[in-house]
Amino acid sequence: SGNIFTYGNTLTPGSSANFTVKFTTKALGNITNTVNASSNVTGNKTANNNTTVLNEICDVQITKEVNQTAVFVNGTVLWTITVVNNGPNVARDVVVRDTLPDGVKVIGIISNGGELKDKSIVWKLGNLEAGKPVVLNFVTKVTGEGNITNVVVVNTTTQDTNESNNKADNTTYA
């Protein structure tokens, strides 16, 4: 508010001037830019003023930990998932999906309202503020032998600037 840019040169009839203004916002939400073109010679000419409003962006990141890298069949494993929005804006409609591998069965309560459906746990986290991690966890009983790799993915409807950190996994051996 209160920032004014004035073009100080003279434009000849039929000529134009283009400006690109880049700035960092201090608040979330839509940005309204008002442009007024005026002249002390002619009336206001605002027909060709264009403003581009950029969408919010974020960087959601997910990690996964396992409390035991080796376990006996019928033993239990605690899986811990951490989701964080590295910003700069709010990550909207955040959803985490954990696809359970063969060889495990969920037992007990799934934290933060996660819902088990078939072989997946889904958490609908809603909006996630920048810098505020959410920790999710659940326990599985090991029902088979071998390497058990559990994969989790996070998505958001906000444009994500780094999708390479939206998937994580960890492995235990039975």
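For the structure, see preceding data.
Source: prediction; values computed, not measured.

## Some thoughts on the environment of Gln61
Thought 1: Here Gln61 is to be found in strand β2 (residues 60-66).
Thought 2: Its relative accessible area of 27% is what places Gln61 among the partly exposed residues.
Thought 3: With 21 residues separating them along the chain, Gln61 and Thr82 place their C-alpha atoms 8.1 Å apart.
Thought 4: Non-local contacts of Gln61, meaning those with residues more than four positions away in its chain, are made with Thr82, Val83, Val84, Asn86 and Asn165.
Thought 5: Engagement of the side chain of Gln61 in a polar contact is seen with the side chain of Asn86, the distance being 2.9 Å.

## A look at the layout of surface pockets
Thought 1: Reported here for the second largest pocket is a volume of approximately 160 Å³.
Thought 2: Forming the boundary of the second largest pocket are Arg97, Asn112, Gly113, Glu115, Lys117, Ser120, Val122, Trp123 and Lys124.
Thought 3: Of all the elements in the fold, those that place two or more residues in the lining of the second largest pocket are β6 (115-117) and β7 (120-128).
Thought 4: Residue contributions to the lining of the second largest pocket peak at 4 residues, all from β7.
Thought 5: Considering only residue class, the lining of the second largest pocket consists of 2 nonpolar, 3 polar and 4 charged.

## Observations concerning the pairing of strand β9 (residues 147-155)
Thought 1: Burial along β9 is one-sided: the face carrying Ile148, Asn150, Val152 and Val154 is buried and the face carrying Asn147, Thr149, Val151, Val153 and Asn155 is not.
Thought 2: Alignment of strand β4 (residues 91-99) against β9, held across 5 bridges, turns out to be antiparallel. Bridge pairing in β9 links Val95 to Asn155.

Rules behind the numbers
- Residues numbered from 1 in each chain as written.
- Predicted model: local features only at pLDDT ≥ 70, side-chain atom pairs only at ≥ 80, totals over all residues.
- Heavy atoms only, no water.
- Helix = DSSP H or I, 4+ residues; strand = E, 2+ residues; numbered from the N terminus.
- Buried < 20%, exposed > 50% of the residue type's maximum accessible area, 1.4 Å probe, protein only.
- Contact = heavy atoms within 4.5 Å.
- Polar contact = N/O pair within 3.5 Å; in protein donor to acceptor, adjacent residues only side chain to side chain.
- 1 Å grid on protein atoms, 1.4 Å probe; cavity = no way out; pocket = protein on both sides within 12 Å on 5 of 7 lines; lining within 4 Å.
- Points joined across faces, edges and corners; volume = space filled by probe spheres on them.
- Nonpolar A, V, L, I, M, F, W, Y, C, P; charged D, E, K, R; others polar.
- Pairing = 2+ DSSP bridges.

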